[in-house]
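Descriptive analysis of the structure
Below, each chain spelled out in residue letters.
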Amino acid sequence: MSASNSVETQDAIRLCQVADVAEGNGLQINLPERPPLAVFKIEGQIFITDDTCTHGQASLCEGEIEDGVVECPFHQGAFEIATGKAISAPCSVHLKTYQPILVGDDVFVHLDKVSS
Amino acid sequence: MARITIADSDLAFDCGSDDSLLRAGLRANLNLPYECNVGSCGTCKFELVSGEIKVFSDTAPGLSDRDRKKGRQLACQCLPLTDCVMKVRLEEDAPAKFPPTRLKVKLIKVTDVTHDIREFQFQAASPATFIPGQYAMLQLPGVSGERAYSMSNLPNDDGVWAFMIRRVPQGVGTQVLFDALILGNEIGLDGPFGKAYFRSESERDLVCVAGGSGLAPMLSIARAWSQKSKSGEEHLTFFYGGREPRDICGEEMLQQLPEFNHQLQFVPSVSGAVNDATNSWLGRTGFIHEVMHGFEDLDYANSDFYIAGPPVMTQAVMDFLRESHAVPQEQIYFDRFF
């Protein structure tokens, strides 16, 4: 069965390939009519969050990543990538995270399924 | 006087030995990032590249352990001991219309607003220049450190700065204001500060959400909204949350505006006991975000939201706006009252 026909990826959006995301980095994905997403790869594992910081209009994919934490390039607020939890001021609103669906080398997401 | 240079730029400013790096930079009209000015919000972080500084508070909540490990500082909490080079990312929006200045002002009027909020009016020798929604730092006699309070009036050529201040039990600052200061006394005022100011050019509806002395900036914004030229279709919904009936205020001032009960609707709510020593409450109950949830007249996509009040209220309203209605962050302005 091909990926696009599987139940899991029905209505899901294909974002990129796992190999498109460099280890320890984030890849910004622009989608029509909604704010961009960030696909992160941390120790080989894929995580998906909103890309725009909850404090200012910054792309988190441009931030430093260390110990599973991404730091906003504007004011150095920080979020846990796996949970979206805001852990450093000035950020206080948590980041939305989404459950990645991996089919072969492809990364899919259901945008209506926010995991936190 | 120390010379402060911004790393990787040709920008520099002078900072007096009694000023913070942040405020001196703002006085020089540099667009340094900041919000609260008191070490709490964490927006004014920077890295000291060279030079020596004195830090007012080592335990400022605006710095996380992670920031401390990386050697970051808060510009609002540092004064320079020598010339310095600071690494900081300047904001991209336009710098403040009115750079902050230090003034001497005299207390000219005190009015009770509720059982624990009073309006204090101060007279300066020069016009009071600020944008509605902004705040000033007050230096009170015999009190170490300054206190941040938002203006409740409109900018004016008469030089009047009005603040609505809630008495903090055991608070040293408010004790001086409420119990010691008398008419004619002089204090120091530094301002204006703050980025949660009224964007009068917006044509969207306006929603003000206030709690406690957060009434002050929201009232200033409502007054400015009333004065601006409007198409006649714009609405202002003004939510005010209090714990008890006796905390509710604002209606009397909003009634002065011609739009009251037409384009302007006042929506107060009590979150605690509906009966207190003097009143019974027959109006709405619950926290403000709960009241907003049940309030059907808001056009979330086409409104600007201004929020001022206790951190818990501000956070709950922001979460509600972002999560339940996907209001974009550029339509939400707030001051965190610490």
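Let us look at the structure shown here. (Residues numbered from 1 in each chain as written. Chains lettered and ligands numbered in written order. Predicted model: local features only at pLDDT ≥ 70, side-chain atom pairs only at ≥ 80, totals over all residues. Heavy atoms only, no water.)

1. Quick look at the interface of chain B and chain A
Quick note on the threshold: What makes two residues a contact is simply this: any of their non-hydrogen atoms within 4.5 Å. Put simply, buried area is how much 1.4 Å-probe accessible surface two parts lose in total, over both of them, once they are put together. A pairing counts as a salt bridge when a side-chain nitrogen of Lys or Arg comes within 4 Å of a carboxyl oxygen of Asp or Glu. The term polar contact refers here to a pair of N or O atoms within 3.5 Å; inside protein, the definition further demands a hydrogen-donor-capable atom paired with an acceptor-capable atom, and it admits residues adjacent in sequence only when both atoms are side-chain atoms. The helix and strand labels rest on DSSP assignments: H or I over at least four residues marks a helix, E over at least two residues marks a strand, and numbering proceeds from the N terminus.
Each partner contributes residues to the interface: chain B has 22 residues there, and chain A has 23 residues. In terms of surface lost to chain A, no three residues of chain B exceed Arg66, Arg89 and Gln329 of chain B, which account for 33% of the buried area on that side. On the surface where chain B and chain A come into contact, there are four salt bridges. Ionic pairing is found between lysine 70 of chain B and glutamate 66 of chain A, a salt bridge with its closest N-O pair at 3.5 Å. Here chain B is connected to chain A by 15 residue pairs in polar contact (both at pLDDT 80 or more). Put simply, the parts of the chain that give the side of chain B that touches chain A at least two residues each are helix H2 (65-69) and helix H7 (311-325) of chain B.

2. What to know about the layout of surface pockets
Short version of the rule: Two kinds of site are reported from a 1 Å grid over the protein atoms alone, namely cavities, where a 1.4 Å probe fits but cannot get out, and pockets, open sets with protein on both sides within 12 Å along at least five of seven lines, and residues are called lining when an atom falls within 4 Å of a point. Grid points are joined across faces, edges and corners, and a volume is the space filled by probe spheres set on the points.
Roughly 790 Å³ of internal volume is contained in the second largest pocket. Lining the second largest pocket are 31 residues, and of these His55, Gly56 and Gln57 of chain A together with Asp93 and Gln329 of chain B sit closest to its centre. Every element with two or more residues in the lining of the second largest pocket is listed here: H7 and strand S19 (332-336) of chain B. Top contributing element to the lining of the second largest pocket by residue count: S19 of chain B, with five residues.

3. Describing the nonpolar core
Residues and elements named next belong to chain B. We count it as follows: Here, the term nonpolar core denotes a set of buried Ala, Val, Leu, Ile, Met, Phe, Trp, Tyr and Cys residues that are joined through side-chain atoms within 4.5 Å. Here's how the labels work: a residue is buried when its accessible area is under 20% of the maximum for its type, exposed when over 50%, partly exposed in between, all with a 1.4 Å probe on protein chains only.
One finds Leu206, Leu215, Met218, Phe238, Tyr240 and Leu254 to be the most contacted residues of the largest nonpolar core, which totals 32 residues. Top contributing element to this core by residue count: helix H4 (residues 215-227), with eight residues. Each residue touching leucine 206, except ones within four places of it in the same chain, is listed here: Phe198, Ile221, Trp225, His235, Leu236, Thr237, Asp304 and Tyr306. Ranked by size, the runner-up nonpolar core spans 27 residues in total, among them Cys76, Val88, Met137 and Phe193.

4. Some thoughts on the pairing of strand S15 (residues 236-242) of chain B
Residues and elements named next belong to chain B. The condition that has to hold: Pairing between two strands requires that DSSP report at least two bridges joining them. We call a crossover right-handed when, viewed with the strands running away from us, the connection from the first strand over the helix to the second turns clockwise.
Of all seven residues in S15, seven are buried; the element is thus mostly enclosed. Across the two faces of S15 the burial is the same, with Leu236, Phe238, Tyr240 and Gly242 and Thr237, Phe239 and Gly241 all buried. As paired elements, strand S14 (residues 205-211) and S15 share six bridges and run parallel to each other. Residue pairing in the sheet places glycine 211 in a bridge with glycine 241 of S15. Where the polypeptide runs from S14 across H4 and back to S15, its parallel neighbour, the crossover connection is right-handed. Two strands pair when backbone bridges link them, and S15 and strand S16 (residues 264-270) are joined in this way by seven bridges, in the parallel orientation. Counterpart to glycine 242 in the pairing with S16 is valine 270.

No statement about biological role is implied by the geometric values presented.
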